[in-house]
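Read off the chains here:
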Number of protein chains: 2
Amino acid sequence: METEITTEAPPQQLGEACGSSMSAWLYLVRVYDKMQRHLMDHLDNYDLTLAQYDVLALLSQEQGITQQALAQKLLVTKGNVCGLIDRMSAHGLVERRSDPEDRRPNLLHLTAEGERLAKEAVPAYSEFVREHMSGLTPQQLAALREILQTLDNSIRQH
Amino acid sequence: METEITTEAPPQQLGEACGSSMSAWLYLVRVYDKMQRHLMDHLDNYDLTLAQYDVLALLSQEQGITQQALAQKLLVTKGNVCGLIDRMSAHGLVERRSDPEDRRPNLLHLTAEGERLAKEAVPAYSEFVREHMSGLTPQQLAALREILQTLDNSIRQH
DNA sequence: GCAAAATAGTTTATATATATACTATAAGTG
DNA sequence: CACTTATAGTATATATATAAACTATTTTGC
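Residues numbered from 1 in each chain as written. Chains lettered and ligands numbered in written order. Predicted model: local features only at pLDDT ≥ 70, side-chain atom pairs only at ≥ 80, totals over all residues.

### Quick word on the protein's contact with DNA strand C
So, point 1. Neighbouring residues of DNA strand C: 27 residues in total, closest Thr3, Thr66, Gly79 and Pro105 of chain A together with Thr49 of chain B.
So, point 2. Those elements that provide at least two residues to the surface near DNA strand C are helix H3 (67-74) and helix H4 (78-90) of chain A together with helix H2 (50-61) and helix H4 (78-90) of chain B.
So, point 3. For the surface near DNA strand C, the element with the most residues is H4 of chain B, which contributes 5 residues.
So, point 4. Each residue belonging to the surface near DNA strand C can be placed in one class, and the counts come to 7 nonpolar, 12 polar and 8 charged. (Near = placed C-beta within 6 Å. Helix = DSSP H or I, 4+ residues; strand = E, 2+ residues; numbered from the N terminus. Nonpolar A, V, L, I, M, F, W, Y, C, P; charged D, E, K, R; others polar.)

Here it is in structure tokens:
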């Protein structure tokens, strides 16, 4: 994958008079976008997309969950999960099993190939994130996490 | 738009043993997702998507730029911009004008309707962001911005 | 027990987004 | 001037993502 997009350009608007809330928000968007792009490039080594990695990582923690449950964990729609599982099962990473007790749900399991890939990709992903945030001191990391946690809780009210 | 997705569920993995880098990153993703969802709902009042809002806001600052230039500012591909402008121009918000000096580029301009919408939607968007980040103190906002700026710069190296 | 409601998946239409290949035009070089 | 290269935009195939409509089951309430 040879990306057409460069994130090296100086961020627009970011230094301008746009209020401290907006400025913080624009930096958050910028960091998110840049990081996602790097992660996408990284996952390309495993022939995985970001969405597919998320499925793989979740299933490697907890197999046999339904598509509905997976959708809730990933915060996406069940229709989206349906398509994701279609593609991943076509690639031999995941399989749908039926529940003898209840014929509605599909119970999701990793294939042997999916397990193998997860064992390789999940730790590499963690290490990749760790490396890319190593420009922050432990104090900055802790502060970032705490502020984002506060923000997460306060947004919940709106 | 009646969203099927709830972000109120307790964040998975976030409290677990996943390292301080990963934990901060997962909170960043969570805040980003939640905020984007709220912004999407908000923009629904103007019949705008997030991508279309970005185009509108940029063009309201600087008209007559090319699709290529717009793509670079938005950090997306020119193919993506082509489709976005197709849809926005079908909705009467934007128009493509030709450059008499160079017949390749399209110079993008807001229509009267686009201008009107931008005048309404852009300040409302800023206010919306400000409100949703009002759970943080000015000190926290400043710290967040500074840490994210540091992170942005340090990611650039990788 | 049976009709209504809830739950699980799938499908469809639409909007993003990428990479890639293609067309048209312009610029540079011999 | 002709040939190559670069630039701007478009078209196509694929992958996400949503909302909404649909099917198939199960559960609930009378």
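From this point, the narrative continues.
### A look at the interface of chain B and chain A
So, point 1. Across the boundary between the two partners, chain B contributes 51 residues, which contact 51 residues of chain A.
So, point 2. Going through the elements one at a time, helix H1 (20-44), helix H3 (67-74), helix H5 (112-132) and helix H6 (138-157) of chain B are the ones with two or more residues in the side of chain B that touches chain A.
So, point 3. It is H6 of chain B that provides the largest number of residues to the side of chain B that touches chain A, a total of 16 residues.
So, point 4. Here the side of chain B that touches chain A is built from residues that sort into 24 nonpolar, 17 polar and 10 charged. (Contact = placed C-beta atoms within 7 Å.)

### A short note on the protein's contact with DNA strand D
So, point 1. As a matter of local geometry, DNA strand D sits amid 27 residues, with Thr49 and Ala51 of chain A together with Thr3, Gly79 and Pro105 of chain B nearest to it.
So, point 2. For the surface near DNA strand D, the secondary-structure elements that each account for two or more residues are helix H2 (50-61) and H4 of chain A together with H3 and H4 of chain B.
So, point 3. In terms of residues, the surface near DNA strand D owes the most to one element, H4 of chain A, which gives 5 residues.
So, point 4. Residue classes in the surface near DNA strand D are distributed as 7 nonpolar, 12 polar and 8 charged.

### Structural notes on the sheet that holds strand E1 (residues 65-66) of chain B
Within a sheet, adjacent strands bond to each other through the backbone by hydrogen bonds, running parallel or antiparallel.
Residues and elements named next belong to chain B.
So, point 1. Strand order in the open sheet made by the 3 strands is E1-E3-E2, with antiparallel pairing throughout. Edge strands, defined here as strands with exactly one partner in the open sheet, are E1 and strand E2 (94-98).
So, point 2. On the sheet, H4 packs against E2 and strand E3 (106-110) and is oriented at approximately 115° with respect to E2. (Pairing = 2+ DSSP bridges. Axes fitted to C-alpha atoms, helices over the stretch in contact; angles between N-to-C directions.)

### Regarding the relation of the copies chain B and chain A
So, point 1. Aligned on chain A, chain B shows an RMSD of 0.0 Å; the corresponding rotation is 180° and the shift along the axis is 0.0 Å. Expressed as a symmetry operation, the mapping of one chain copy onto the other fits a two-fold axis. Residue Leu144 of chain B, judged by its C-alpha, is the member of chain B lying nearest the rotation axis, at 3.2 Å.
So, point 2. In this assembly the copies share their binding face: 100% of the residues contributing to the interface of chain B also contribute to that of chain A. (Least-squares fit on C-alpha atoms with pLDDT ≥ 70 in both.)

### Some remarks on unusual backbone geometry
Residue and element names in this part refer to chain A.
So, point 1. The backbone of Asp47 shows a phi angle near 55°, a positive value even though the residue is not glycine.
So, point 2. Note on placement: Asp47 falls in the loop between helix H1 (20-43) and H2.
So, point 3. The exposure class assigned to Asp47 is exposed, which follows from the 11 C-beta atoms found within 10 Å. (Buried ≥ 20, exposed ≤ 12 C-beta atoms within 10 Å, placed from the backbone.)

### A short note on the environment of Ala112 of chain A
All names here are of chain A.
So, point 1. Mapped onto the elements, Ala112 comes out in helix H5 (residues 112-132).
So, point 2. Judged by the 9 C-beta atoms lying within 10 Å of it, Ala112 is exposed.
So, point 3. Once the C-alpha coordinates of Ala112 and Val94 are considered, the two residues, 18 residues apart in sequence, prove to be 8.8 Å apart.

### Some words on the environment of Tyr32 of chain A
So, point 1. For Tyr32 of chain A, the location among the structural elements is in helix H1.
So, point 2. Contacts of Tyr32 of chain A, omitting those with residues within four sequence positions, involve Leu28 and Tyr32 of chain B.

### Comments concerning the nonpolar core
So, point 1. Within the largest apolar cluster, 67 residues are counted, with the highest numbers of intra-cluster contacts made by Leu56 of chain A together with Leu56 of chain B.
So, point 2. When near neighbours in sequence (up to four residues on either side) are disregarded, Leu56 of chain B contacts Leu48, Leu93, Gly114, Leu117, Ala118 and Ala121 of chain B. (Core = buried A, V, L, I, M, F, W, Y, C linked by C-beta atoms within 7 Å.)

### Examining the packing of H1 of chain A against H1 of chain B
So, point 1. Interaxial distance between H1 of chain A and H1 of chain B falls to 10 Å at its minimum, and their mutual angle equals 115°. By the angle between their directions, the pair H1 of chain A and H1 of chain B is classed as roughly perpendicular. You can see that H1 of chain A and H1 of chain B cross each other, and the crossing is left-handed. Packed against H1 of chain A, whose contacting residues are Leu28, Val31 and Tyr32 of chain A, the element H1 of chain B presents Leu28, Val31 and Tyr32 of chain B at the interface.
So, point 2. Residues of the contact of H1 of chain A with H1 of chain B, tallied by class, amount to 6 nonpolar, no polar and no charged. (Parallel < 35°, antiparallel > 145°, perpendicular 65-115°, else oblique. Left-handed = near helix turned anticlockwise from the far one by under 90°.)

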